[in-house]
Amino acid sequence: MSSRETADRQQPGRPRVQRARWILPAVVLWLITMPAHAQNRGVYPLGLSAINSGVSAAAGLTYNNSFLFYARDEQKGGGGEVLATGQQAVLLDMNTLLWASSEQIATLGGARFSCAATVPLANNSLSSSTQGAISGGGGLGDVYLQPLILGWQRDRVDVRGIVGVLAPTGKFNAGATDNVGNGYWTPVIASGQTFYLSADRTTTLSLFEMYEFHTTQSGTQIRPGETFDLDYSLLKAFPFYAESRLQVGVVGYGAWQTTAKTGPGITAAEEAQRYRVNAIGVGMNLALPARKVTLSLKYFDEFSNQWTYQGYSLQISAAVVF
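Residues numbered from 1 in each chain as written. Predicted model: local features only at pLDDT ≥ 70, side-chain atom pairs only at ≥ 80, totals over all residues. Heavy atoms only, no water.

Student: Please explain the pairing of strand β5 (residues 143–153) as it appears in this structure.
Tutor: Put simply, side chains in a regular strand alternate between the two faces of the sheet. Note that β5 and strand β6 (residues 157–167) share nine bridges and pair antiparallel. Pairing of Leu150 across the sheet is with Gly161, part of β6. Two successive antiparallel strands, β5 and β6, enclose a turn made up of three residues. (Pairing = 2+ DSSP bridges. Helix = DSSP H or I, 4+ residues; strand = E, 2+ residues; numbered from the N terminus.)

Student: I would appreciate a short explanation of the side chain of Ser313 in the present structure.
Tutor: In this fold, Ser313 is placed in strand β13 (residues 309–321). Given a relative accessible area of 0%, Ser313 falls into the buried group. For Ser313, the side chain forms a polar contact with the side chain of Gln315, separated by 3.2 Å. What Ser313 contacts, discounting residues up to four positions off in sequence, is Phe69, Tyr70, Tyr253, Lys298, Tyr299 and Phe300. (Buried < 20%, exposed > 50% of the residue type's maximum accessible area, 1.4 Å probe, protein only. Polar contact = N/O pair within 3.5 Å; in protein donor to acceptor, adjacent residues only side chain to side chain. Contact = heavy atoms within 4.5 Å.)

Student: Help me understand unusual backbone geometry in this model?
Tutor: Backbone geometry follows two general trends: most residues other than glycine have a negative phi, and most peptide bonds adopt the trans configuration. Residues other than glycine seldom take positive phi values, yet Ser304 does so here, at roughly 55 degrees. Tracing the sequence through the fold places Ser304 in the loop between β12 (293–302) and β13. A relative accessible area of 41% means that Ser304 is categorised as partly exposed. Located in the positive-phi region is Trp307, a residue other than glycine, with phi close to 50 degrees. Among the residues examined, Trp307 registers a relative accessible area of 31% and is labelled partly exposed.

Student: Please explain the packing of aromatic side chains as it appears in this structure.
Tutor: Aromatic rings considered in pairs are described by the distance between their centres and by the relative angle of their planes. In total, this model carries seven aromatic pairs according to the counting rule given. Between the aromatic rings of Tyr299 and Tyr312, the centroid separation amounts to 6.0 Å while the plane-to-plane angle is 35 degrees, which identifies the pairing as tilted. Of the two residues, Tyr299 is situated in strand β12 and Tyr312 in strand β13; the sequence distance between them amounts to 13 residues. Classification of Tyr299 by relative accessible area gives partly exposed; the value is 33%. Grouped by ring-pair contacts, the aromatic residues Phe69, Tyr299 and Tyr312 constitute a single cluster. Here the basic side chain of Arg201 rests over the ring of Tyr196, its NZ or CZ set 3.7 Å away from the ring centre. (Phe/Tyr/Trp six-rings, centres within 6.5 Å; stacked < 30°, edge-to-face > 60°. Lys NZ or Arg CZ within 6 Å of the ring centre and 35° of its normal.)

Student: Sorry, what's going on with the confidence of the model for the chain here?
Tutor: Keep in mind that low pLDDT regions are not for reading the predicted coordinates in detail. Considering every residue of the chain, the mean pLDDT works out to 86; 84% of them sit at 70 or more. pLDDT under 50 marks residues 2–37. Its contacts with residues more than four places away, or in other chains, come to 101 contacts. (pLDDT = per-residue confidence, 0-100.)

Student: For this particular structure, what's the right way to read the pairing of β12?
Tutor: Two elements, strand β11 (residues 276–288) and β12, share ten bridges in a ladder whose sense is antiparallel. Across the sheet, residue Gly283 finds its bridge partner in β12, namely Lys298.

Student: Is there a simple way to explain the environment of Arg274 in this structure?
Tutor: Within the secondary structure, Arg274 is located in the loop between α2 (268–272) and β11. Setting aside anything within four residues of it in sequence, one finds Arg274 in contact with Gln257, Thr258, Thr259, Ala260, Gln306 and Trp307. Polar side-chain contacts of Arg274 include one of 2.5 Å to the backbone oxygen of Glu271.

See below:
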């Protein structure tokens, strides 16, 4: 859940000379503004919870490893216009331990309790086609703690409610070009819902909503704007041997900045900016209950972004229940 940045692609109809003319000013702008003023997105790795968002984990201990790759090659303005091109990329290796109770809490409508901790390892880079590598960093990112997860299971819907916080454990120094963390605390509230659209529960619509409350960034006294995140999927399951099943279908995500970024040096124009992210793609989820293993693969292509970068994301996850 740290900063994420992109990969360069040739745009049809855009002459190479024109692209090169954009690259150098874009890199200079990124280097000047990124350490202190930039807020390109929220901290949640979009798309991570798109599949089976409302389904609670099996009772006991679960380990989940998610490999996330985000690549972006266009910087978009308030009207979706391309302001600059460049190369940005981030790799996230998300390691999550989750414990879930088998008991139901009668006073909370039969909810089951669980909690989780996620330790991310991150590597990000920024470069240009004319200057090569410009900046980058790698190492431990900001740890995500979910001390309270409540899950409800009904005939046609599963629901989860989550309270969590992102702790600034990743390396962050104001003005540095090798930061891995964000430099501020982020309390969050979130919820996931999975609706079973067919009586046999093989067609599912899943939604995941998160609201990020950003605190003041260390060393800059800037408070990033808050963010609403949305993941979603529409999947069809195909059962096969020994209760295993393969889900395939459409996945997507979105993010919207809801409040202004404020602090020293932030102009009125910057305060008025609100980033927006949209993406849609395809996903699959393979559940192997006999082996207590789940595997998933998702691809997202972003479109119509505003005041942020635009590109694509590839995500691979594996979970095992002990």
